[in-house]
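Listed below are the residues making up each chain.
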Amino acid sequence: MIQFDAVHKRFANGTTAVHDLSLRVPEGGVTVLVGSSGCGKTTTLRMINRMVEPTSGTIRVGGKDVTEQDAAELRRSIGYVIQQAGLFPHRTVLDNVATVPLLLGWSRRRARSRAAELLETVGLAPDAARRYPHQLSGGQQQRVGVARALAADPPVLLMDEPFGAVDPVVRTQLQDELLRLQKELSKTIVFVTHDVDEAVRLGDQIAIFRTGGHLVQCAPPAELLARPADDFVAGFLGAERGLKLLSLRTLADVPQAPAPQGGTWTLVLDEAGRPLHWATRDTEVPLRPLRDGDSLLAALDESVASPTGLTARVDADGVLTGVTSRDDILRHAGRAHTEARVSA
Amino acid sequence: MNIDWSWIGDHTDDLTTLTLSHLQAALTAVLLGVLISLPLAVLAHRIRPLRGFLLGLSNVLFTIPSIAIFVLLLPVSGLTRTTTVIGLTVYTLVVLLRNTVEGLDSVPVKVKEAAKAMGTRPLRTLLTVELPLALPVIMAGVRIATVMSISLVSVATYIGDGGLGQLFTDGFQRNFPTPVIVGVVLTLLLAVAADALLVALQYVLTPWRRRRA
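Everything quoted here is computed from the prediction, not taken from an experiment.

S.K.: Give me the lowdown on the overall build of chain A, citing residues and values where you can.
M.R.: The number of helices and strands found in chain A is 13 helices and 15 strands. For chain A, the spread of C-alpha atoms along the three principal axes comes to 75 × 50 × 30 Å. When burial is assessed residue by residue, chain A has 42% of its 344 residues classed as buried.

S.K.: Let's hear about the overall build of chain B: which residues, and what values?
M.R.: Counting its secondary structure elements, chain B contains nine helices and zero strands. Starting at the N terminus, the α and β elements of chain B follow one another as α-α-α-α-α-α-α-α-α. Projected onto its principal axes, the C-alpha positions of chain B cover 70 × 45 × 25 Å. Taken over 213 residues, chain B has a buried fraction of 35%. For chain B, restricting intrachain contacts to residue pairs at least 6 apart in sequence, the fraction spanning at least 24 positions comes to 73%.

S.K.: Could you give an account of the UniProt feature "transmembrane region" (unreviewed entry) in chain B, with specific residues and numbers?
M.R.: Residues and elements named next belong to chain B. Taken from the UniProt record, the annotation "transmembrane region" (unreviewed entry) applies to residues 20–41, 53–73, 79–97, 133–160 and 180–205. Helix makes up 100% of residues 20–41 and strand 0%, whereas the separation of the span's terminal C-alpha atoms amounts to 30 Å. In the segment residues 53–73, helix accounts for 90% and strand for 0%; the C-alpha atoms at its two ends are 23 Å apart.

S.K.: With reference to specific residues and values, describe the UniProt feature "domain: ABC transporter" (unreviewed entry) in chain A.
M.R.: According to UniProt, the "domain: ABC transporter" (unreviewed entry) feature falls on residues 2–237 of chain A. Segment residues 2–237 of chain A splits into 38% helix and 25% strand. End C-alpha atoms: 25 Å apart.

S.K.: Just give me the short version of unusual backbone geometry, but keep the residues and values in it.
M.R.: Residues and elements named next belong to chain A. A positive phi angle is found at Asp 20, which is not glycine, with a value near 45°. Topologically, Asp 20 is positioned in strand S2 (residues 16–25). For Glu 161, which is not glycine, the phi torsion reads 40° and is therefore positive. Mapped onto the elements of the fold, Glu 161 is located in the loop between strand S7 (156–160) and helix H7 (168–185).

S.K.: Talk me through the UniProt feature "domain: ABC transmembrane type-1" (unreviewed entry) in chain B; I want residue IDs and the actual numbers.
M.R.: If you check UniProt for "domain: ABC transmembrane type-1" (unreviewed entry), the listed places come out as residues 19–198 of chain B in our numbering. Span residues 19–198 of chain B is 84% helix and 0% strand, its end C-alpha atoms 19 Å apart.

S.K.: Please provide a residue-by-residue account of helix H6 (residues 109–117) of chain B, values included.
M.R.: Along H6 of chain B, the residues that are buried comprise Val 111, Ala 114, Ala 115, Lys 116 and Ala 117 of chain B. Close packing links the buried residues of H6 of chain B with helix H2 (71–76) and strand S6 (78–81) of chain A together with helix H7 (122–152) of chain B. Of the residues flanking the end of H6 of chain B, it is Gly 119 of chain B, one or two places downstream, whose phi is positive at about 95°.

S.K.: Describe the pairing of strand S9 (residues 205–210) of chain A, with residues and values.
M.R.: Residues and elements named next belong to chain A. Here strand S3 (residues 30–34) pairs with S9 via four bridges, running parallel. Paired with Val 32 across the two strands is Ile 206, which belongs to S9. Relative to strand S10 (residues 214–219), S9 runs antiparallel, the two sharing five bridges. Looking at S10, one finds that Phe 209 is bridged to Leu 215. Between S9 and S10, which pair antiparallel one after the other, the connecting turn spans three residues, and Gly 212 there sits at a positive phi close to 100°.

S.K.: Which residues make up the confidence of the model for chain B, and what are the values?
M.R.: Residue and element names in this part refer to chain B. Averaged over chain B, the pLDDT score is 90; the fraction of residues at 70 or greater is 98%. The secondary-structure element of chain B with the lowest mean pLDDT is helix H4 (residues 66–77), recorded at 84, while H7 shows the highest, at 95. Confidence metrics for the complex model read pTM 0.84 and ipTM 0.82.

S.K.: Lay out the nonpolar core with the relevant residues and their values.
M.R.: All names here are of chain A. Within the largest apolar cluster, 124 residues are counted, with the highest numbers of intra-cluster contacts made by Ile 48, Val 97, Ala 147, Ala 151, Leu 158 and Val 190. Ignoring anything within four residues of it in the chain, the contact list for Ile 48 reads Ile 2, Ile 59, Val 61, Val 66, Ile 78, Leu 158 and Val 190. One finds Leu 267, Trp 278, Ala 312 and Val 323 within the second-largest nonpolar core, a separate group that totals seven residues.

S.K.: Quick one: what's the story with the domain arrangement of chain A, residue by residue and with numbers?
M.R.: Interface size is commonly expressed as the accessible surface area that is lost when the partners come together. Residues and elements named next belong to chain A. By the assigned domains, chain A splits into domain 1 (2–246) and domain 2 (266–343). Each of domain 1 and domain 2 has a C-alpha centre, and these two points are 35 Å apart. Every contact between the two is made by nine residues of domain 1 and, on the other side, nine residues of domain 2. Contributing elements (two or more residues each) for the side of domain 1 that touches domain 2: helix H9 (221–226) and helix H11 (241–246).

S.K.: How would you explain the sheet that holds S2 of chain A if you had to name every residue and give the values?
M.R.: Residue and element names in this part refer to chain A. An order of S2-S1-S4-S5 is seen for the four strands of this open sheet, with the pairing classed as antiparallel. In this open sheet, the two strands that pair with only one neighbour each are S2 and strand S5 (64–65). Inspection of the sheet shows strand S4 (residues 56–61) paired to S5 by two bridges, in the antiparallel sense. What sits directly across from Arg 60, in S5, is Asp 65.

S.K.: An account of the interface of chain B and chain A is needed here, citing residue identities and associated values.
M.R.: Taken together, the contact pairs 16 residues of chain B with 19 residues of chain A. With six residues, the top contributor of residues to the side of chain B that touches chain A is H6 of chain B.

S.K.: Quick one: what's the story with the environment of Ser 154 of chain B, residue by residue and with numbers?
M.R.: All names here are of chain B. In this structure, Ser 154 sits in the loop between H7 and helix H8 (165–173). Note on Ser 154: 23 C-beta atoms within 10 Å, which makes it buried. Apart from the residues lying within four places of it in its own chain, the contact partners of Ser 154 are Gly 162, Gly 163, Leu 164, Gly 165, Phe 168 and Thr 187.

S.K.: Mind laying out the packing of helix H5 (residues 81–105) of chain B against H7 of chain B, listing which residues take part and the relevant values?
M.R.: A packed helix pair is summarised by two numbers, namely the angle formed by the two axes and the spacing between the axes. Residues and elements named next belong to chain B. Two elements in contact, H5 and H7, have axes separated by 8 Å at closest approach and are oriented at 160°. Taken together, H5 and H7 sit at an angle that is classed as roughly antiparallel. Helix-helix and strand crossings are classified by hand; for H5 and H7 the assignment is right-handed. Between H5 and H7, the contacting residues are Leu 88, Tyr 91, Thr 92, Val 95, Leu 96, Arg 98, Asn 99, Thr 100, Glu 102, Gly 103 and Leu 104 on the first element and Glu 130, Ala 134, Val 137, Ile 138, Ala 140, Gly 141, Val 142, Ile 144, Ala 145, Met 148, Ser 149 and Leu 152 on the second.

S.K.: Provide a residue-level description of the pairing of strand S1 (residues 2–10) of chain A, including the pertinent values.
M.R.: Residue and element names in this part refer to chain A. Note that S1 and S4 share five bridges and pair antiparallel. Bridge assignment links Asp 5 to a residue of S4, and that residue is Thr 58. With six bridges connecting them, S1 and S2 associate as antiparallel partners. Looking at S2, one finds that Gln 3 is bridged to Arg 24. In textbook terms, the turn of a hairpin is the stretch between consecutive antiparallel strands, and for S1 and S2 this stretch comprises five residues, one of which, Gly 14, has a positive phi near 95°.

Each value, and the rule that gives it
Residues numbered from 1 in each chain as written. Chains lettered and ligands numbered in written order. Predicted model: local features only at pLDDT ≥ 70, side-chain atom pairs only at ≥ 80, totals over all residues. Helix = DSSP H or I, 4+ residues; strand = E, 2+ residues; numbered from the N terminus. Buried ≥ 20, exposed ≤ 12 C-beta atoms within 10 Å, placed from the backbone. Contact = placed C-beta atoms within 7 Å. UniProt positions renumbered as here; feature names shortened; annotations may be inferred. Pairing = 2+ DSSP bridges. pLDDT = per-residue confidence, 0-100. Core = buried A, V, L, I, M, F, W, Y, C linked by C-beta atoms within 7 Å. Domains from an automatic or database assignment. Axes fitted to C-alpha atoms, helices over the stretch in contact; angles between N-to-C directions. Parallel < 35°, antiparallel > 145°, perpendicular 65-115°, else oblique. Left-handed = near helix turned anticlockwise from the far one by under 90°.

Here's what the structure looks like:
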C-alpha cells in the first residue's frame, strides 16, 4: 500500500508540480494517474521511488516513509517502467532484464535464469534474449521494459506512460498482456497516462489531476464515469463517457434467445455451428459474434450494425449459443448506469 | 633522390631500436593522457563551472609550440625520456579531455535515468553505463591522440630523444636522404598500425554496435 499525506512539490523555478496531495494506493490494485501534460502526474509517480523529492508531506510505501530509506535500495524494491522502455543499449535483452537482480547481489547465473524466465512471462521468444535493444520493435522493447521491472519480484510497480510510444494495435496487445500479468501477480501498480481509454481499461481506481498539481477526483472507473466530480473531470472524460462506462460491463448476464427462423434475414452458420453472416435471398451482411466476456459497448455496437438488431452470441469455441436483442442490450446499458450512480 | 638500400640493411638493429623507442614514447604519453583525462573529464562533466575552466586550460596548453614545451621542461626533468613523455602527454590531454567530456555528454538522459531508477549508485552508473556508452567518442579521441603523438615524438630530437626523429637530423646534417625517407615511412607505418589496432580494440569492446539495424 502506498500512502501520500499532504504532499507538496515545488520545483526550484517556482512552479508547483503537486499541490497538497493526499492519496491512497491500495495494495494489489492498479491506480491510474491521468491528466493533461504538466498536471503533476509523473512527478507524483517519481516521488514514490525518490526520483523526485517532495518539498513537504510524507509518502509511505508499505507503511515506511520513503525519505527515511536509502534511495538506491528503495528503488531496487520498486519496479519502474519508463516511456520508450529506457533500455540499456549496450546490454543484451537478457542482461537488461537481469539488472536489478545483479544489483541485489544475485549470482550472474541465477540472475540470467530469472531473466530468461521473465522474458517468457512477458511473451518474448527465447531468441530475443541475446539481441540488443535496437534490434527489437518498439512493442518488444516495451515488453523487455516490463520484464526488467518485474525481475526482482518487487511488490510495487511504477509505470510512466509505458505504452505511449507504440501504435494502437500493439498498445492494445500490451494492455491485454498487463491485465493478464496482473491477474497472476497482483502487484500494486501506479500507472501514468494521458489516455482516458487506457485509464478506464486498466485502472481499479483512477486519479484525475488538473494543471497545477491538484488531484480532482479519485474513484473506480465506473463511479468516475457515472458521477464526475465537476465539469473539468466530465470534460476530461469526454462526451462519450456514458459509452465508456459500458466498456466496463460484460455481456455475461444479458439474456439470449434461440436464433429466429423464417424471417427476411437468416443467420447463416458453418458446419460446426459457428455464425458466418446475416443473409437474405440476395445479400449478405457480415457480423461479429460476441462471447460472454465481451463488453456491453461492443454488443451495442454490433446490435446497431446488425440488420435485424440481433447480436449473435457464441461460446469459447465460436459455436452459436443464441442471439440477444438490441432492446435487451439497451436495457442492460441503462441498468449499468443506474447501478454505477447508486453505488457511487 | 636515390635510396641507399645497403644502408638500410646495415642498420636494421638501429632502426628496430629507434622504432621501439619511438613507439614507447608515444604510447606512454597516450596512456598517461587517458589516465589523467578520464577523472578530469568526469569532473568537468559533472561540475559545470569546472568544465569551461578545464577545457580552456587544455586549449591554452595546446597553443604552446611543441619545441617550447620541451625547452620549458628542461630545468625540471632535463634531457630525458621523461621530458619527452611529459611534453607529449600535455598535447594528448586536449584531445582526450574534450572527447571524453563529449562522450559522457552523448549518453542519453533516458538511459542514465533508467540506471538511477533501477537503483544503480552513481559510481556504478559511471563505470557500467556511462563510460561504455561514451566509449565510441572516447576512442575517437584516443585514435587522434595516438596518431598525433606518434608524429610529435620526432620533435623531441632537439632534446636528444625523438625516436625515429633522429633519422631526420642525421640525414639532414649529412645531406643523405635515405635515413629521412626511412624515418618518414616507419613513422607512417607506426601510425597506421596503431590506428588499425585501436579500431579493432573498439570493435571488440562495443559488441552492441556491430549489427546496426
